[in-house]
Amino acid sequence: MKNFLSRRRFIRHAAAGTAALTWLSARRPPMAFAAEAAKPALLGGLPVHQGGWSDWPKWLESWEPAVIKVLRSGKWYRGDGGHVAEFETGYAKLIGAKRCLATASGTTALLVSLHVMDVDAGDEVIVSPYTFIATYNSILINKALPVFADTDPATLTMDPASIESRITERTRAILPVHIYGLPCDMDPINAIARKHKLAVIEDACQAWLAEYKGRKCGTLGDLASFSFQNSKHIPAGEGGAVTGDSDDLLDRCHAFHNVGRATGGFKGAKPYFTRGSNYRMQQFQAVMLMQQFDKLVQETARRCENADYLTANLKQIPGIQPARLPENSRAVWHLYPLRYDAEHFNGLARDKFLQALNAEGIPSSGGYHEQYLDGLLDEAINSRGFKRLFSAERLKAYRESFQELKGNRQVCATTVAMPQNLLLADRQDMDHIIEAVRKIQAHSAVLAKVSA
Ligand SMILES: Cc1ncc(COP(=O)(O)O)c(C=O)c1O
């Protein structure tokens, strides 16, 4: 089932939408308050949460001099100034990686990582299906096949138990996605990769400062990719990074992102030895990002505290299942997801529940849908290139394998997700979220009838 708003549009409009609800409710007569507060907002009652939520992205005036300095210097391109390199050192330190390469976006960071890990035309990459479409596309652009592991409905991340049966002689890499900032269970994933000599590329595009067993996401595989696109916790409009601990791999990444110019220990036949493209970050992006390191640390702590509070309370409500995290790990909540079981809500359909929650002033969406059924993969596997690279039998079996993704289907059909800016609010606002869910449950029989 498709969501009524795309994820990015949803995040952008969340604050504005709640402001409109507040404006409407401010015009109701005060006498009606008690009765209307008890009634679901979808049926004309007062919303539980009024006053909107914090805007995103946010910036401070104190950032302006550094940005203007770059503007006035005329040194906007990476090769002309030191800001991008300075950002790389700072970001590597922040997440505890040896090296970082700044890129133009998260998608280009994935393209660099896949190329450097030698994912080539006709290869296969085992990937989480529950992700933003850029993850699929980065594999397809390399003319490789994104082979989907299943999603564990309890964690919303790649189910390690579903990986091995997908490995073929063409498999080169595993690409787990720390979706919504929820760390994947990396120990079993890395063990399978080692056993079958596969590369591990983390999609950490939503997982800045997330942790798994004491280490940050972005340091758990061979290479990792981050995004700094506008909706992200550390945004610069666009931007990305590759992180890792191997000088050799990061030198190769640098060369590939810089139209193949040999760099560092990766000499080759200078100056243009390897294939490459232009995926460079601008000085402006680097300056914007460096201003946000402390903000990211502080806001992450706030999101975690509020998410823990929500989880402790929401899991008490029958039919609401917050995401389970791997042991000794920390999620950073790009969205706060929970699984919704309509049976405990008198059969109230998930999409109607979402409408009721939004009406209560709690912006929420259904998260990702089954994107592999949308047509992108059909277009790819029916293209001349893919037909040349893979046998007809392989492509047929590949297409049929989407039906096996039962865990992922369940996740797509039952998830309810709230945007990260809600988690920057006060404890009282978290209570509104909990109260809104309880209120909808109390009225679910009547809401379910209205929806019928
Ligand atoms: C999981 C995931 N992968 C990849 C990307 C691609 O990043 P970008 O939009 O910076 O290219 C994103 C960005 O939304 C993402 O969320």
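So, a few notes on the structure that sits alongside this text. (Residues numbered from 1 in each chain as written. Predicted model: local features only at pLDDT ≥ 70, side-chain atom pairs only at ≥ 80, totals over all residues. Heavy atoms only, no water.)

1. A word on the site of the ligand
And step 1. Within the structure, the ligand sits among 18 residues, and Thr107, Asp203, Gln206, Ser227 and Lys232 are positioned closest to it.
And step 2. One of the side-chain nitrogen or oxygen atoms of Thr135 is found 3.4 Å away from a nitrogen atom of the ligand.
And step 3. Mapped onto the shell around the ligand, the elements with two or more residues apiece are helix H1 (7-25), helix H5 (106-116) and helix H6 (133-141).
And step 4. When grouped by side-chain class, the residues that make up the shell around the ligand number five nonpolar, nine polar and four charged. (Near = heavy atom within 4 Å. Polar contact = N/O pair within 3.5 Å; in protein donor to acceptor, adjacent residues only side chain to side chain. Helix = DSSP H or I, 4+ residues; strand = E, 2+ residues; numbered from the N terminus. Nonpolar A, V, L, I, M, F, W, Y, C, P; charged D, E, K, R; others polar.)

2. Considering the sheet that holds strand S7 (residues 215-216)
As a general point, the strands of a sheet are linked pairwise by backbone hydrogen bonds and lie either parallel or antiparallel.
And step 1. With antiparallel pairing, three strands are arranged side by side in an open sheet as S7-S6-S11. The open sheet has two edge strands with one neighbour each: S7 and strand S11 (329-330).
And step 2. The sheet contact formed by strand S6 (residues 211-212) and S7 spans two bridges and is antiparallel. Residue pairing for S7: Glu211 is matched across the bridge by Lys216. (Pairing = 2+ DSSP bridges.)

3. Points about the layout of surface pockets
And step 1. Put simply, the largest pocket is a space of about 360 Å³.
And step 2. If you go around the largest pocket, you meet 18 residues; those closest to its centre are His115, Val116, Asn142, Phe256 and Arg275.
And step 3. When contributions to the lining of the largest pocket are tallied by element, the ones reaching two or more residues are H5 and helix H8 (247-257).
And step 4. For the lining of the largest pocket, the element with the most residues is H5, which contributes three residues.
And step 5. Of the residues contributing to the lining of the largest pocket, the split by class is nine nonpolar, five polar and four charged. (1 Å grid on protein atoms, 1.4 Å probe; cavity = no way out; pocket = protein on both sides within 12 Å on 5 of 7 lines; lining within 4 Å. Points joined across faces, edges and corners; volume = space filled by probe spheres on them.)

4. Side note on the environment of Gln292
And step 1. Assignment of secondary structure puts Gln292 in the loop between helix H9 (283-290) and helix H10 (293-314).
And step 2. For the pair formed by Gln292 and Ala236, sequence separation is 56 residues and the distance between their alpha carbons is 9.6 Å.
And step 3. The contacts of Gln292, once residues within four sequence positions are left out, are Trp63, His233, Ile234 and Pro235. (Contact = heavy atoms within 4.5 Å.)

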